[in-house]
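Here is what each chain is made of, one letter per residue.
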Amino acid sequence: MAAAHTIERLDALRAVGDPHRLQMLRLLLSGPMTISMIGSRLDRHPAWVRHHVKVLEAAGLAHLAEVRTTRNFTEKFYTATAAAFTISMSIRAEAAPGSPLVAMVSHDIAVEMLAAECAGCSPMAVLVAGSLDSLIGVRQGLADIAGCHLLDAESGQYNAPYARHIFPDREMVLVTLAHREQGLITAPGNPHRIMNVDDLAEGGLRVANRKRGSGTRLWLDHALASRSADVRAIVGYDSALATHTEVAEAVAHGIADVGLGIAAVAERYGLGFVPLFRERYDLVMPSDIYEREETHRLLERLNTAAFKHAVSTIPGYESAGMGDEIRLAV
């Protein structure tokens, strides 16, 4: 069981928002209990308890820990999935015409530049999350726009397969922000002579990894799985850094030998960089958000020659294709 877990998903927030389920979760944090034991403590019928425990289980807050069978009697013991929970959530104005746009994005320098460029004409608040969490955040109404770079290994497409899966009932628009280069960030001069992902798979290197759900980590997960690598044997693979900058800082400070990240942060910190692939970074939004006047002003700025030139000067970035749109119909 993990020492602690941060609650970020809406279903989990809803689960603990109910005072009865919160009380049950506190009981399960103290140790394994059966439905009957919880019912006895709360003076409630087991069927009522079972419903709420299943909600906690579906939200990833509780799980079936043990099944005990004595003669013809079976007991199921449930427990919490962590030793403690904290809650992290974003609070925003109700989405409406004229309200500031909220973007939940995978860490990206061009997004930061765009938000700064549009501060006066079309304010956009930027929340950094993983690519997958960003799409889910838009699905849950926590944000208007998602910034992501999710590769579907089977089709070779970026972002669209994920958007179709998460928004099967909504028309979506994908707007290309930039293409950027990712690779292995190393200490200056690459003293360990790291050349590719195979070197990580062989072990012996300390890795600075991104958080689960980020496009960077999903790419690395797939690359190592294709090599049948045991990631549990890779030192630091279970780390969960929020940004490319944090990965570069871990390498720069000697905490890690290598990490996967964008070329721009490697150059910013004077680190070594081994290029591996180029990826497309998109802004993904429902069509009704795309039609808002605030979004039009944002995209107008994105498509200016000045902004495209500014992005092209970021190490490892290409502005070719910036502003291209893909529409996903229902």
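See the structure shown above.
Residues numbered from 1 in each chain as written. Predicted model: local features only at pLDDT ≥ 70, side-chain atom pairs only at ≥ 80, totals over all residues. Heavy atoms only, no water.

## Quick look at the pattern of salt bridges
By the definition in use, this model includes 16 salt bridges. When the shortest N-O distance is used, the salt bridge between Arg206 and Asp257 registers 2.8 Å. On the criterion of sequence distance, the pair formed by Arg206 in the loop between α8 (197-201) and β11 (207-208) and Asp257 in the loop between α10 (244-252) and β12 (258-262) is long-range, its members being 51 residues apart. For Asp257, a relative accessible area of 9% puts it in the buried group. Residue Asp282 is joined to Arg280 by a salt bridge in which the shortest nitrogen-to-oxygen separation is 2.7 Å. Arg280 carries the same exposure label as Asp282, and that label is buried. Salt bridges here are not isolated pairs; linked through shared partners, they connect Asp108, Arg180 and Glu279. (Salt bridge = Lys/Arg side-chain N within 4 Å of Asp/Glu carboxyl O. Helix = DSSP H or I, 4+ residues; strand = E, 2+ residues; numbered from the N terminus. Buried < 20%, exposed > 50% of the residue type's maximum accessible area, 1.4 Å probe, protein only.)

## Quick word on the nonpolar core
As a rule of thumb, nonpolar side chains are buried together in soluble globular proteins. In terms of nonpolar packing, the biggest core is built from 40 residues, with Ile145, Leu177, Leu283 and Tyr317 touching the most fellow members. Excluding its chain neighbours within four sequence positions, the residues that come into contact with Ile145 are Leu101, Val102, Ala103, Met104, Met124, Val138, Leu283, Val284, Met285, Ile289 and Leu298. By size, the runner-up hydrophobic cluster in this structure holds 23 residues, among which are Ile7, Ala15, Met33 and Ile35. (Core = buried A, V, L, I, M, F, W, Y, C linked by side-chain atoms within 4.5 Å. Contact = heavy atoms within 4.5 Å.)

## Examining the packing of helix α2 (residues 19-30) against helix α4 (residues 46-58)
Between α2 and α4, the shortest axis-to-axis distance is 10 Å and the interhelical angle comes to 80°. Classified by the angle their axes make, α2 and α4 are roughly perpendicular. Contact with α2, carried on its side by His20, Arg21, Met24, Leu25 and Leu28, involves Trp48, Val49, His52, Val53, Val55 and Leu56 of α4 and no other residues of that element. (Axes fitted to C-alpha atoms, helices over the stretch in contact; angles between N-to-C directions. Parallel < 35°, antiparallel > 145°, perpendicular 65-115°, else oblique.)

## Some details on the environment of Arg232
Locating Arg232 in the fold gives a position in the loop between α9 (215-225) and α10. On the accessibility criterion, Arg232 (75% relative accessible area) is exposed. Taking the C-alpha atoms as reference points, Arg232 and Leu220, 12 residues apart in sequence, are found 14 Å from one another. Within polar-contact distance, the side chain of Arg232 engages the side chain of Asp230 at 3.1 Å. (Polar contact = N/O pair within 3.5 Å; in protein donor to acceptor, adjacent residues only side chain to side chain.)

## Quick notes on the side chain of Thr79
Its location among the elements puts Thr79 in strand β3 (residues 73-80). Its relative accessible area of 11% is what places Thr79 among the buried residues. Only 3.3 Å separates the side chain of Thr79 from the backbone oxygen of Leu28, close enough to count as a polar contact. In contact with Thr79, not counting residues within four places along its chain, are Leu28, Gly31, Pro32, Leu61, Ala62, His63 and Ala65.

## Considerations on the packing of helix α3 (residues 35-42) against α4
It is the contact of α3 with α4, at a shortest axis distance of 9 Å, that shows an interaxial angle of 110°. Considering their axes alone, α3 and α4 lie roughly perpendicular with respect to each other. Crossing of α3 against α4: the hand is right-handed. From α3, Ile35, Ile38 and Gly39 reach across to α4, where they touch Pro46, Val49, Arg50 and Val53. (Left-handed = near helix turned anticlockwise from the far one by under 90°.)

## Concerning α2
Each full turn of the α-helix corresponds to 3.6 residues, which orients residues three or four apart in the same direction. The terminal C-alpha atoms of α2 lie 17 Å apart, and with 12 residues this matches the ideal 16 Å at 1.5 Å per residue to within 8%. Measuring from the backbone nitrogen of His20 back to the side-chain oxygen at the start of α2 gives 2.8 Å, which picks out Asp18 as the cap. Positive phi shows up at Gly31, right after α2, with a value of about 150°. (Expected span 1.5 Å × (residues − 1).)

## Topic: the pairing of strand β5 (residues 101-105)
Buried residues dominate β5, accounting for 5 of its 5 residues. Covered by surrounding structure in β5 are Leu101, Ala103 and Val105 together with Val102 and Met104, the residues of both alternating faces. In the sheet, β5 pairs with strand β6 (residues 124-128) via 5 bridges, with the strands oriented parallel. Looking at β6, one finds that Met104 is bridged to Leu127. (Pairing = 2+ DSSP bridges.)

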